[in-house]
Amino acid sequence: MSTKSEVIFKVKSLKKWFTTRRGLFDSLTGKQEYVRAVDNISFEICKHEVVCMVGESGSGKTTAARLILRLEDPTEGQILYKGNDIAKEKQSELRKLRRHMQMVFQDPYESLDPRMTIFEIVSEPLRVIKICPRSEIPIRVMKALEDVGLIPASDFSIRFPHELSGGQRQRVSIARALILNPEFIIADEPASMLDANTRIEILNLLLDLQVRYKMGILFITHDLAQARYLGHRIIILYLGKIVEQGEVELVIKSPHHPYTKALISNIPVPDPEAKRERIEIEGEIPTAIQLPPGCRFSPRCPYAFERCKEEEPELMMKHGRLSACWLD
Ligand code: SF4
């Protein structure tokens, strides 16, 4: 997709390293350790494209999303949006650029101010960024509420968040993200705290809005099934690095990287008779402080061999997708 469509975001060699708290010994020796939350990732997002970023907790996916919108400052790297490097822009310029890129957060209970009405919450970005006359604000708010299925909009607009269900609150978050007519939104696990039926409603709503609003979406999830349902392309993150990236159907039907294979082999299949080789990965994702030498997946990889423990593989084109693995 990235070769045919207009690229709206280009992330280049992006890093976010956090310094760890130093103990007395470290202070005396001058030694400093870093948590490499995001460690040199590069990817593109095209106009009208849904890119799913998938990883376990601790993989760096939420940090990557926050960096892209400059909710955090990167340690290194570029985030190019239409010729502007978001990583270097001043706050005044960022405010203008944020009109085009919005975020839907994971927790619909925490992300809405309980003291504000739904009208005040959804209209807030318009009041801050001032892209339309004040008289137009109610019309835009009602349209956004209707677009996310909160009907009658006039009824919902005067309620407070505590009067709504989790799914309705997430619809409010989405309406607030849409009100500026963004070119691109980041949705950070927007359905993970909802029950199964509401989850599918929210995913369908995002798909519908992506087409109607002609926008790109970076969808962050730990759930490969959701990624397959929504995405055009998929990015698999492990310990702050991209380990596989490509067209979603290709990667899910024939994964190359052993980590992706293991994730896919552990998705429950509806037919209990259907046979699928299950690949077990040992242990939990380690911390991003003391990374193993060589391939960072090697301590858990069932296919690891000598080279894996000595040299770290970068992303290489393998069978039509990018994979950071020494295997052919
Ligand atoms: Fe496994 Fe080696 Fe590939 Fe890393 S490079 S994923 S350790 S086979």
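Scroll up to find the structure.
Overview of the structure. (Residues numbered from 1 in each chain as written. Predicted model: local features only at pLDDT ≥ 70, side-chain atom pairs only at ≥ 80, totals over all residues. Heavy atoms only, no water.)

**Side note on the overall build of the protein**
Piece 1. A tally of helices and strands in the protein yields 11 helices and 12 strands.
Piece 2. Here the C-alpha radius of gyration of the protein, 21 Å, is about what a compact globule of 328 residues would show, namely 20 Å.
Piece 3. With respect to the principal axes defined by its C-alpha atoms, the protein has extents near 65 × 60 × 40 Å.
Piece 4. Burial statistics for the protein: of 328 residues in total, 49% are counted as buried.
Piece 5. For the protein, restricting intrachain contacts to residue pairs at least 6 apart in sequence, the fraction spanning at least 24 positions comes to 64%.
Piece 6. In the structure as shown, the protein presents an accessible area of about 16,000 Å², 52% of it carried by carbon and sulfur atoms.
Piece 7. Taking the average place of the 47 positive charges on the side chains of the protein and the average place of its 45 negative ones, the gap between the two points comes to 5 Å. (Helix = DSSP H or I, 4+ residues; strand = E, 2+ residues; numbered from the N terminus. Rg over C-alpha atoms; globule rule 2.2 N^0.38 Å. Buried < 20%, exposed > 50% of the residue type's maximum accessible area, 1.4 Å probe, protein only. Contact = heavy atoms within 4.5 Å. Areas by Shrake-Rupley, 256 points an atom, 1.4 Å probe, with all protein chains shown as cover. Lys, Arg positive; Asp, Glu negative; His and termini not counted. Charge placed at Lys NZ, Arg CZ, Asp CG, Glu CD.)

**Thoughts on the sheet that holds strand 12 (residues 321-323)**
Piece 1. Taken together, the 8 strands give an open sheet; going across it, the order is 6-7-8-3-9-10-12-11, and neighbouring strands pair in mixed fashion. Each edge of the open sheet is held by one strand with a lone partner, namely strand 6 (101-104) and strand 11 (316-318). Here the strands of the sheet are splayed against their neighbours by 20° on average, with no regard to which way each runs.
Piece 2. Pairing of strand 10 (residues 241-247) with strand 12, which is carried by 2 bridges, proceeds in the antiparallel orientation. Paired with Glu244 across the strands is Ser323, a residue of strand 12.
Piece 3. The strands touched by helix 2 (residues 61-68) within the sheet are strand 3 (50-54), strand 6, strand 7 (184-188), strand 8 (216-221) and strand 9 (233-238), with strand 8 carrying the most contacts at an inclination of about 150°.
Piece 4. Its contacts with the sheet put helix 8 (residues 196-212) on strand 3, strand 7 and strand 8, and the angle it makes with strand 8 is roughly 160°. (Pairing = 2+ DSSP bridges. Axes fitted to C-alpha atoms, helices over the stretch in contact; angles between N-to-C directions.)

**So, the sheet that holds strand 4 (residues 76-81)**
Piece 1. Taken in spatial order, the 4 strands of this open sheet run 2-1-4-5, and their pairing is antiparallel. The open sheet has two free edges, formed respectively by strand 2 (34-46) and strand 5 (84-85), since each of these has just one partner strand.

**Remarks on the pairing of strand 3**
Piece 1. Counting buried positions over the 5 residues of strand 3 gives 5, a clear majority of the element.
Piece 2. Alignment of strand 3 against strand 8, held across 5 bridges, turns out to be parallel. Considered in strand 8, the bridge of Val50 is made with Ile217.
Piece 3. Here strand 3 runs beside strand 9; their pairing, made up of 4 bridges, is parallel. Across the sheet, residue Val54 finds its bridge partner in strand 9, namely Ile236.

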